Amino acid sequence: EVQLVESGGGLVQPGGSLRLSCAASGFTFSRYAMSWVRQAPGKGREWVSGINGGGSTIYADSVKGRFTISRDNAKNTLYLRMNSLKPEDTAVYYCAKPGRGWYDLDEYDYWGQGTQVTVSS
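What counts, and at which threshold
Residues numbered from 1 in each chain as written. Predicted model: local features only at pLDDT ≥ 70, side-chain atom pairs only at ≥ 80, totals over all residues. Heavy atoms only, no water. Disulfide = S-S within 2.5 Å. Helix = DSSP H or I, 4+ residues; strand = E, 2+ residues; numbered from the N terminus. Contact = heavy atoms within 4.5 Å. Pairing = 2+ DSSP bridges. Axes fitted to C-alpha atoms, helices over the stretch in contact; angles between N-to-C directions. Core = buried A, V, L, I, M, F, W, Y, C linked by side-chain atoms within 4.5 Å. Buried < 20%, exposed > 50% of the residue type's maximum accessible area, 1.4 Å probe, protein only.

Chemist: Pulling in residues and values, what's your account of the state of the cysteines?
Modeler: According to the stated counting rule, one finds one disulfide in the structure shown. Here cysteine 22 is linked by a disulfide to cysteine 95, with a sulfur-sulfur distance of 2.1 Å. Between cysteine 22 and cysteine 95 the disulfide shows an S-S torsion of about -65°. By sign, it is left-handed. With cysteine 22 in strand 3 (residues 18-25) and cysteine 95 in strand 9 (residues 91-97), the pair connects residues that are 73 residues apart, well separated along the chain.

The structure is reproduced here in structure tokens:
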């Protein structure tokens, strides 16, 4: 059974930092691309960042230069380091496995349960 379990969310002040983690199991993690996707209150899902099995990364313009995606294939874990956080980064953040491409969220194979990130003073 595939499982994606996120952790590391919380309340942080504007300008602060958080690191999210996603523990993967039930599939050969190192072989597959992975993404972070977020959903703000009252809004649709937004793709944030992706990383392929070899470590190449891609970011949404809204987070480029502030967020860093990484992976530890030995630990089957995906990370998202978030710096210079803004109130508009407030959302539930999901770890997810793409199906046909980065941006086609309806085709993603697996999703975690999400972790809440709240940026507020």
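Chemist: Now, about the environment of valine 12: what can you tell me, with residues and values included?
Modeler: Positionally, valine 12 belongs in strand 2 (residues 10-12). Beyond its immediate chain neighbours, meaning those up to four positions away, valine 12 contacts Ser17, Leu18, Leu85, Thr118, Val119 and Ser120.

Chemist: Can you explain the sheet that holds strand 3? Please cite residues and give values.
Modeler: Spatially, four strands are ordered 1-3-8-7 in an open sheet, and the strand pairing comes out antiparallel. Where the open sheet ends on each side, the last strands, each with one partner, are strand 1 (3-7) and strand 7 (67-72). Averaged over neighbouring strand pairs, the angle between their axes works out to 15° when direction is ignored. Bridge count between strand 7 and strand 8 (residues 77-82): six bridges; the pairing is antiparallel. Pairing of threonine 68 across the sheet is with arginine 81, part of strand 8.

Chemist: Tell me what's going on with the nonpolar core, and back it up with residues and numbers.
Modeler: Met34, Trp36, Phe67, Leu78, Leu80, Met82 and Tyr93 are the most contacted members of the largest nonpolar core, which has 32 residues in total. For this core, the secondary-structure elements that each account for two or more residues are strand 3, strand 4 (34-39), strand 5 (45-51), strand 7, strand 8, strand 9 and strand 11 (115-119). In contact with phenylalanine 67, not counting residues within four places along its chain, are Arg38, Val48, Tyr59, Leu80, Arg81, Met82, Asn83, Leu85, Asp89 and Tyr93.

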